[in-house]
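Listed below are the residues making up each chain.
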Amino acid sequence: MPFAIPFPDLSPELFAIEIGSFRFALRWYALAYIAGLLAGWWLIVQAVKRPALWPGDSAPMQPAQVEGLLTAVVLGVILGGRLGYVLFYQPGYYLQNPAEILMVWQGGMAFHGGLIGVAVAAFIFCRMNKVPPLQVADAMSMVVPIGLGLGRLSNFINGELWGRPTDVSWGVIFPGPAAQDCPGPVGIVATELGQMCARHPSQLYQVALEGLVLGAVMLWLAWRRGWLKTPGALTGMFFTIYGLARFAVEFVRQPDAQFVGPENPIGFAIALSPSVGLTMGQLLSLPMIALGLWLVASRRRGAA
């Protein structure tokens, strides 16, 4: 039997306060959103305070305007993330249960939907404040990996969005009946509690790729290589690297349960065979990669 790592004793709640029948709990996932947004706001403020980073040595907006951008981003993340999940992953269910669309506390957010929501909200902000959209997009691309990394780390702490069954030595035994439902012999390990299912800790792969690697590249290009002087180029690089990272991780990430069936055991959104196909995450990443490559090529060529 292969070796696997037991899931650590982690609570999804940082702390909880109970007063009578009222209970308030601060969850790691909510803290990740708050920390990511605040860290992003701070970094953008520092960037606009350095005009030399921007085209013509002129920042696209004043530091005080970044607070308004933060408000727009929060609305875009929540509305776009939720509507993206509804439309991309479970349209049939929510068409029959429309009242549950607004029940965000029950879970269900999609990054690609959140990205679209943020783009729309930021564009409206730019039009209202008469600031250049591409430069604002570059500023946001520089800081988004912070929230991505913290969010994926919270997914791991919550024991959710795990990977497919695996025999690798760093496979993790996630708790819960869904995580323990191994469809075949792959990932089955012997423990003191009997045979259990080990899975790829794909959340941690995403922390490394979408958070640490992508974040390091974005900050290096923005602060050390002068890419903020070429509007749109940094945004293109963000789309390209994130799309490639997400596409790669999807090979070991467990797709959403609604795509899994007897003839589609892996859960492909487009299945060419029971073992070959594309997941919804991969399908949504392909246009991101194409747009990113086009932005980088066109903007950098124009700056040459």
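Scroll up for the structure.
Cut-offs and rules
- Residues numbered from 1 in each chain as written.
- Predicted model: local features only at pLDDT ≥ 70, side-chain atom pairs only at ≥ 80, totals over all residues.
- Heavy atoms only, no water.
- Helix = DSSP H or I, 4+ residues; strand = E, 2+ residues; numbered from the N terminus.
- Expected span 1.5 Å × (residues − 1).
- Bend = angle between axes of the 7 residues up to and from the residue.
- Buried < 20%, exposed > 50% of the residue type's maximum accessible area, 1.4 Å probe, protein only.
- Contact = heavy atoms within 4.5 Å.
- Pairing = 2+ DSSP bridges.
- Core = buried A, V, L, I, M, F, W, Y, C linked by side-chain atoms within 4.5 Å.
- Disulfide = S-S within 2.5 Å.
- Salt bridge = Lys/Arg side-chain N within 4 Å of Asp/Glu carboxyl O.
- Axes fitted to C-alpha atoms, helices over the stretch in contact; angles between N-to-C directions.
- Parallel < 35°, antiparallel > 145°, perpendicular 65-115°, else oblique.
- Left-handed = near helix turned anticlockwise from the far one by under 90°.
- Polar contact = N/O pair within 3.5 Å; in protein donor to acceptor, adjacent residues only side chain to side chain.
- Patch = residues over 30% accessible without salt bridge, like charges linked within 9 Å, V, L, I, M, F, W, Y side chains within 5 Å.
- Areas by Shrake-Rupley, 256 points an atom, 1.4 Å probe, with all protein chains shown as cover.

## Focus on helix α6 (residues 202–223)
Since the α-helix advances by 3.6 residues per turn, residues separated by three or four positions end up pointing in the same direction.
No. 1: Look at α6: 30 Å from first C-alpha to last across 22 residues, which is about the 32 Å you get at 1.5 Å a residue.
No. 2: At Leu214, α6 is bent by approximately 30 degrees, the largest bend along its length.
No. 3: Taken together, the buried positions of α6 are occupied by Ser202, Gln203, Gln206, Val207, Glu210, Gly211, Leu214, Gly215, Met218, Leu221 and Ala222.
No. 4: Its buried side turned inward, α6 meets α5 (133–158) and α7 (233–249).

## A few points about the pairing of strand β5 (residues 188–191)
The side chains of a regular strand alternate between both faces of the sheet.
No. 1: Where β5 meets strand β6 (residues 194–197), four bridges bridge the pair, whose relative direction is antiparallel. Bridged to Thr191 within β6 is Gly194.
No. 2: Hairpin connection of β5 to β6: two residues between the antiparallel strands.

## Some thoughts on the nonpolar core
No. 1: In terms of nonpolar packing, the biggest core is built from 42 residues, with Ile44, Met61, Leu69, Met140, Met218, Leu234 and Phe238 touching the most fellow members.
No. 2: Residue assignment for this core shows that the elements contributing at least two residues are α1 (28–48), α2 (66–88), α4 (111–129), α5, α6, α7 and α8 (280–303).
No. 3: In terms of residue count, the dominant contributor to this core is α7 (seven residues).
No. 4: Contact partners of Phe238, with chain neighbours within four places excluded, come to Phe111, Ser141, Val144, Pro145, Leu148, Leu214, Met218 and Gly243.

## Things to note about the state of the cysteines
No. 1: In total, this model carries one disulfide according to the counting rule given.
No. 2: At a sulfur-sulfur separation of 1.9 Å, the disulfide partner of Cys182 is Cys197. Residues Cys182 and Cys197 share a disulfide whose torsion about the S-S bond is about 55 degrees; that sign makes it right-handed. Of this pair, Cys182 sits in the loop between β4 (172–173) and β5 while Cys197 is found in strand β6, placing the two residues 15 residues apart along the sequence. Here the two residues Cys182 and Cys197 agree in accessibility, since each one is buried.

## Considerations on the environment of Gly281
No. 1: The topology assignment puts Gly281 in helix α8.
No. 2: Along the chain, Gly281 and Ala64 lie 217 residues apart, while their C-alpha atoms are 36 Å from each other.
No. 3: In this structure, Gly281 is in contact with Tyr89, His112, Arg246 and Glu250, ignoring residues within four places of it in sequence.

## Re the pattern of salt bridges
No. 1: The tally for this structure, following the rule as stated, stands at five salt bridges.
No. 2: A salt bridge links Glu250 to Arg246; the nearest nitrogen and oxygen atoms lie 2.8 Å apart.
No. 3: What makes Arg246 buried here is its relative accessible area of 3%.
No. 4: A salt bridge links Glu250 to Arg253; the nearest nitrogen and oxygen atoms lie 3.3 Å apart.
No. 5: A residue is classified by how much of its surface remains accessible, and Arg253, at 7% relative accessible area, is buried.
No. 6: Each member of the salt-bridge network shares a partner with another, and the members are Arg246, Glu250 and Arg253.

## Here's the deal with the packing of α5 against α7
No. 1: Remark: α5 packs on α7, axes separated minimally by 7 Å, with the N-to-C direction vectors making an angle of 30 degrees. When the interaxial angle is binned, α5 and α7 end up roughly parallel. The hand of the α5/α7 crossing is left-handed. Listed contacts from α7 to Leu134, Ala137, Asp138, Ser141, Met142, Val144, Pro145, Leu148 and Arg152 of α5 are Ala233, Leu234, Thr235, Phe238, Tyr242 and Arg246.

## Quick look at the environment of Val213
No. 1: Of note, Val213 is situated in helix α6.
No. 2: Along the primary structure Val213 and Ile241 are separated by 28 residues, whereas in three dimensions their C-alpha atoms are 9.1 Å apart.

## Here we look at the pairing of strand β3 (residues 22–27)
No. 1: The pairing of strand β2 (residues 13–19) with β3 spans six bridges and is classified as antiparallel. Pairing of Ile19 across the sheet is with Phe22, part of β3.
No. 2: Between β2 and β3, which follow one another and run antiparallel, lie two residues, and Gly20 among them has a positive phi close to 65 degrees.

## Considering the side chain of His200
No. 1: Topologically, His200 is positioned in the loop between β6 and α6.
No. 2: Separated by 2.8 Å, the side chains of His200 and Tyr205 make a polar contact.
No. 3: When neighbours within four sequence positions are excluded, His200 is seen to be in contact with Trp162, Gly163, Arg164, Pro165, Thr166, Val168, Trp170, Phe174, Tyr205 and Val252.

## With respect to a nonpolar patch on the surface
No. 1: On the surface, Leu14, Phe15, Ile17, Ile19, Phe22 and Phe24 cluster together to form a nonpolar patch covering roughly 570 Å² of accessible area.
No. 2: Of all elements in the fold, only β2 and β3 reach the threshold of two or more residues within the nonpolar patch.
No. 3: When residues of the nonpolar patch are assigned to their parent elements, the largest contribution, four residues, is made by β2.
No. 4: Topologically, Ile19 is positioned in strand β2.
No. 5: Its relative accessible area of 60% is what places Ile19 among the exposed residues.

Don't take any of this as a statement about function, it's just geometry.
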